[in-house]
Amino acid sequence: MKSVPVSTTVNGDPCEFLCAPDETLLDALRNRLGLTGSKEGCGTGDCGACSVTLNGRLVCSCLVLGVEAEGAEIATIEGMAKGDELHPLQRHFIDHAALQCGICTPGILVAARSLLEKNPDPSDEEVRYWLAGNLCRCTGYDKIIRAVQAAAAEMRGA
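Below you will find a few notes about this structure. (Residues numbered from 1 in each chain as written. Predicted model: local features only at pLDDT ≥ 70, side-chain atom pairs only at ≥ 80, totals over all residues. Heavy atoms only, no water.)

1. Section: the side chain of Arg113
In step 1: Structurally, the position occupied by Arg113 is in helix 3 (residues 105-118).
In step 2: No salt bridge is formed by the buried Arg113; its nearest oppositely charged neighbour, Glu117, is found at 4.1 Å.
In step 3: Each residue touching Arg113, except ones within four places of it in the same chain, is listed here: Thr53, Ala75, Thr76, Gly79, Met80, His87 and Leu89. (Helix = DSSP H or I, 4+ residues; strand = E, 2+ residues; numbered from the N terminus. Buried < 20%, exposed > 50% of the residue type's maximum accessible area, 1.4 Å probe, protein only. Lys, Arg positive; Asp, Glu negative; His and termini not counted. Salt bridge = Lys/Arg side-chain N within 4 Å of Asp/Glu carboxyl O. Contact = heavy atoms within 4.5 Å.)

So this is what it looks like as structure tokens:
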């Protein structure tokens, strides 16, 4: 199969890669660009472990073709921290013990960031609804909701 050149922006940096026409964005991010934070949990868009934003829209990267990233802006878990400074969501996930094995955590963090960019003061119900596409088998969701709410409050300056 002939490779297709893709020019895109990932975490604010322009980049180019070659991928097969049927290669997923998840595989392109992991295998072509070395961005291994997004995980393949199910490969069918059911678990959210591979969540990224594509042109500001939360997507499961296992359901998007790499070639669809042409000209797009992609944000992954690798773009959350600024150098050694963790994003408030990352810090609060640690502080609230809202992670264990780490398979789902990158996708949940990307989804939570997407929510807080759209709604900086969500209710618990809104957080639960927004994160419903992300499955966690280890922590239970209460710690995750508390961590998101604590980060939201910090980001609002509350």
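After that view of the structure, there is still more to cover.
2. Focus: helix 3
In step 1: Taking 1.5 Å per residue as the helical rise, helix 3 with its 14 residues ought to reach 20 Å, and the 20 Å between its terminal C-alpha atoms agrees with that figure.
In step 2: Taking burial as the measure, the 14 residues of helix 3 include 12 buried ones, the bulk of the element.
In step 3: Of all the residues in helix 3, the buried ones are Thr105, Pro106, Gly107, Ile108, Leu109, Val110, Ala111, Ala112, Arg113, Ser114, Leu115 and Leu116.
In step 4: The inward-facing, buried residues of helix 3 abut strand 3 (51-54), strand 4 (57-60), strand 5 (73-75), helix 2 (88-95), helix 4 (124-130) and helix 5 (141-156). (Expected span 1.5 Å × (residues − 1).)

3. A closer look at the pairing of strand 3
In step 1: Judged by which residues are buried, strand 3 turns out to be covered on both faces: Ser51 and Thr53 on one side and Val52 and Leu54 on the other are all buried.
In step 2: As paired strands, strand 3 and strand 4 are joined by four bridges and run antiparallel to one another. Following the sheet pairing, Ser51 is matched in strand 4 by Cys60. (Pairing = 2+ DSSP bridges.)

4. Structural notes on the pattern of salt bridges
In step 1: According to the stated counting rule, one finds four salt bridges in the structure shown.
In step 2: Put simply, Arg91 and Glu154 hold a salt bridge, and the shortest N to O gap is 2.4 Å. One end of the pair, Arg91, is in helix 2; the other, Glu154, is in helix 5, and 63 residues separate them in sequence.
In step 3: Residue Glu154 is classed as partly exposed on the basis of its relative accessible area of 35%.
In step 4: Arg128 is the partner of Asp142 in a salt bridge, and the nearest nitrogen-oxygen pair spans 2.7 Å. One end of the pair, Asp142, is in helix 5; the other, Arg128, is in helix 4, with 14 residues separating them in the sequence.

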